[in-house]
Amino acid sequence: MKAFLLALFASGLMLFSPAVHAADKANIKDPAIVFVDSLADTFIHKIFVKDKKESAKVDDFRNVFKDNCDIPFISKFVLGKAYKTASADERKAFQDAFTENVVLTWAGRFKEYAGQTIAVKGTRPAQSGQIYVDSTVISPNPNTKPIALIWRLKNNDGYYKIADLIVEGVSMVMTYRSEYAAILQNNGGSVAALADSLKAKNKTLKQSLGI
Amino acid sequence: MATTRKLILSGFLALTLLFSACASTSSPSYKEDPLEPLNRGIYTFNDIVDTVIIRPLAMMYKTVVPVIMQDIIANFIDNITTPVSAINYALQGNADMAGVAIGRFMTNTVFGLLGTLDVASALDIPEAKTDFGLTLAKWGVTESPYFVIPLLGPSTIRDGIGKGVDFFLQPINILALNPNNQTINDLDWVRLGAEVLDTRARALTITDDIKLNSVDPYATMRSMYLQNRRHSISADMKVIDRGVPRKENYDFDFSADY
């Protein structure tokens, strides 16, 4: 458990480092790898730069996140069975609150970036025509062991979008789904109440970020 | 000292019974967490003890003790628990990894100043970590219900038993069973304390992260623990079955009903 916990934390930090290729010759042209590389590049050179206001960093990250993740797809899965019985308004309210929660969560983790790099190792097929990009997160501290990070990508009409991130075997999307299933269980299945809890959490996160 | 351990154990049992009474009465959300009301109670108890005692101590440990010293302590604890991995690999029928674990232990103890330096990793000797819970899994004990251990945190009943067995498999604990040997017993308590602090210090940022960002931290931790545990078992099985591909838990179908 403790190894995994460290892995999860470090994964939050690795998104902002330039990727290093383990096998340049074989993989340099693979579009999935190019996608992961350019995303890491964007974070470190465009978003997470010095002398930039915190709120500006979060705004930029929000835009990149919305462009590069298939949010409706993830949001639907994360709601689980409750999606079917929720109204269109409830689904939208949830999706917006969920998106904001993910953006603010990761914004908080960026603050602790400590120079990690990622090494992309290769790709392999996932279920339903999706693709896994395998990478490891390497810390500048030699005592910290490298962490396995897998990107699950979906191909939407020729554009890759992130469908999931898997850290040391733990799927982020599955974790969110489990958490929200528990909350829905305890509030009688109300998606509206879940969206409200997320909004309240988002308020707290904004305060702790100082924006 | 042996009586103290018994007292603490019965104390835990009493506390878990107490907290099961206070916990919520909602029905469990998962077939894998039928003990949810009890577990949520224990989680709340752990959280209080952690907030009041353990976390502040771990924070102090992290800020006051120099990083080099923290690494030395971490290495020492990792090394002294390596024989347990060796024994478990042997029980799993994995002679290769048992050998690696023994090699690690000998290298670090003899050349790494009694385990305070991780010479084995510098020599590219691979990691060799397993436990009795995984041994039970290999023997076919299917995953048992999620169970939060008082003070120790997330586990399952099978893995909780595993932790207990491993605790007593440690050489220093076998020696400590002799109630006449006061020095060994005292050393053992010190080592246990150091291990708790070291573990807690290493996990500080993550638990803070989960508690800050999660609407239901209990459910988040449970999900992460169970997924990570299944992944460990699956990875271990791969080593034993020599690369026979196994279905990964994270390779789920987004359109399926779970």
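Before any of the text, the structure's been laid out above.
Residues numbered from 1 in each chain as written. Chains lettered and ligands numbered in written order. Predicted model: local features only at pLDDT ≥ 70, side-chain atom pairs only at ≥ 80, totals over all residues. Heavy atoms only, no water.

Asks: Sorry if this is basic, but what is going on with the overall build of chain B here?
Replies: Across its full length, chain B holds 11 helices and 2 strands. In sequence order, chain B lays out its α and β elements as α-α-α-α-α-α-α-β-β-α-α-α-α. Per-residue burial over chain B gives 44% buried out of 258 residues. Counting every atom, chain B has about 13000 Å² of accessible surface; 71% of that belongs to carbon and sulfur. (Helix = DSSP H or I, 4+ residues; strand = E, 2+ residues; numbered from the N terminus. Buried < 20%, exposed > 50% of the residue type's maximum accessible area, 1.4 Å probe, protein only. Areas by Shrake-Rupley, 256 points an atom, 1.4 Å probe, with all protein chains shown as cover.)

Asks: Help me out: how do you make sense of the nonpolar core in this one?
Replies: Inside soluble globular proteins, nonpolar side chains tend to come together where they are buried. Residue and element names in this part refer to chain A. One finds Phe94, Phe98, Trp151, Leu153 and Tyr180 to be the most contacted residues of the largest nonpolar core, which totals 69 residues. Per element, the largest residue contribution to this core is 9 residues, and it comes from helix α7 (residues 88–110). The contacts of Phe94, once residues within four sequence positions are left out, are Ser75, Val78, Leu79, Tyr180, Val191, Leu194, Ala195 and Leu198. (Core = buried A, V, L, I, M, F, W, Y, C linked by side-chain atoms within 4.5 Å. Contact = heavy atoms within 4.5 Å.)

Asks: Whenever I open this one, empty space enclosed by the protein confuses me. Can you help?
Replies: Empty space left among the atoms is revealed by rolling a probe the size of a water molecule over them. Residue and element names in this part refer to chain A. If you walk through the whole model with that rule in mind, you get 2 cavities of 30 Å³ or more. In this model, the largest cavity occupies a volume close to 310 Å³. Forming the walls of the largest cavity are 22 residues, and the residues nearest its centre are Phe65, Cys69, Val102, Trp106 and Leu165. Among the residues making up the lining of the largest cavity, the classes are represented as 19 nonpolar, 2 polar and 1 charged. (1 Å grid on protein atoms, 1.4 Å probe; cavity = no way out; pocket = protein on both sides within 12 Å on 5 of 7 lines; lining within 4 Å. Points joined across faces, edges and corners; volume = space filled by probe spheres on them. Nonpolar A, V, L, I, M, F, W, Y, C, P; charged D, E, K, R; others polar.)

Asks: I'm lost on helix α4 (residues 54–68) of chain A in this one. Help?
Replies: One full turn of an α-helix is made of 3.6 residues, so residues set three or four places apart face in the same direction. Helix length check: α4 of chain A, at 15 residues, gives a terminal C-alpha distance of 21 Å against a target of 21 Å (1.5 Å per residue), a fit within 8%. Buried within α4 of chain A we find Lys57, Val58, Phe61, Arg62, Val64, Phe65 and Asn68 of chain A. (Expected span 1.5 Å × (residues − 1).)

Asks: How do you make sense of the packing of aromatic side chains when you look at a structure like this?
Replies: Centre-to-centre distance and the angle between the planes together describe a pair of aromatic rings. In the structure shown here, the tally under the stated rule is 16 aromatic pairs over all chains. With a centroid separation of 4.9 Å and an interplanar angle of 55°, the aromatic rings of Phe77 of chain A and Phe254 of chain B are classed as tilted. Of this pair, Phe77 of chain A sits in helix α5 (residues 71–79) while Phe254 of chain B sits in the segment after α11 (217–240), placing the two residues on different chains. Summarising the burial analysis for this pair, Phe77 of chain A and Phe254 of chain B share the class buried. Put simply, the rings of Phe73 and Phe77 of chain A together with Phe252 and Phe254 of chain B touch in pairs and so form one group of aromatic residues. Over the ring of Tyr83 of chain A we find Arg91 of chain A, and its NZ or CZ is 3.9 Å from the ring centre. Of note, Arg177 of chain A hangs over the ring of Phe77 of chain A, and the distance from its end group to the ring centre comes to 4.4 Å. (Phe/Tyr/Trp six-rings, centres within 6.5 Å; stacked < 30°, edge-to-face > 60°. Lys NZ or Arg CZ within 6 Å of the ring centre and 35° of its normal.)

Asks: How do you make sense of the interface of chain A and chain B when you look at a structure like this?
Replies: Size of an interface, as often reported, equals the accessible area lost when the parts are brought together. With 47 residues of chain A at the contact, the number on the chain B side is 41 residues. At the boundary of chain A and chain B, one finds 0 salt bridges. Summed over the shared surface of chain A and chain B, the result is 16 residue pairs in polar contact (both at pLDDT 80 or more). When residues in the side of chain A that touches chain B are grouped by element, the largest group, 11 residues, is from helix α8 (residues 172–186) of chain A. Residues that form the side of chain A that touches chain B fall into these classes: 21 nonpolar, 14 polar and 12 charged. (Salt bridge = Lys/Arg side-chain N within 4 Å of Asp/Glu carboxyl O. Polar contact = N/O pair within 3.5 Å; in protein donor to acceptor, adjacent residues only side chain to side chain.)

Asks: Hey, could you run me through the environment of Ala200 of chain A in this one?
Replies: Residue and element names in this part refer to chain A. With respect to the helices, strands and loops of the structure, Ala200 is situated in helix α9 (residues 191–209). Judged by its relative accessible area of 44%, Ala200 falls in the partly exposed class. On a C-alpha basis, the gap between Ala200 and Gln95 in space is 15 Å, while along the polypeptide they are 105 residues apart.

Asks: Teacher, can you tell me more about the pairing of strand β2 (residues 153–156) of chain B here?
Replies: Residues in a regular strand project their side chains so that they alternate between the two faces of the sheet. Residue and element names in this part refer to chain B. Relative to β2, strand β1 (residues 146–149) runs antiparallel, the two sharing 4 bridges. Residue pairing for β2: Phe147 is matched across the bridge by Ser155. Once β1 ends, the chain turns through 3 residues before running back antiparallel as β2, passing Leu151 with a positive phi of about 75°. (Pairing = 2+ DSSP bridges.)

Everything listed here is a matter of coordinates, which is why it stays silent on function.
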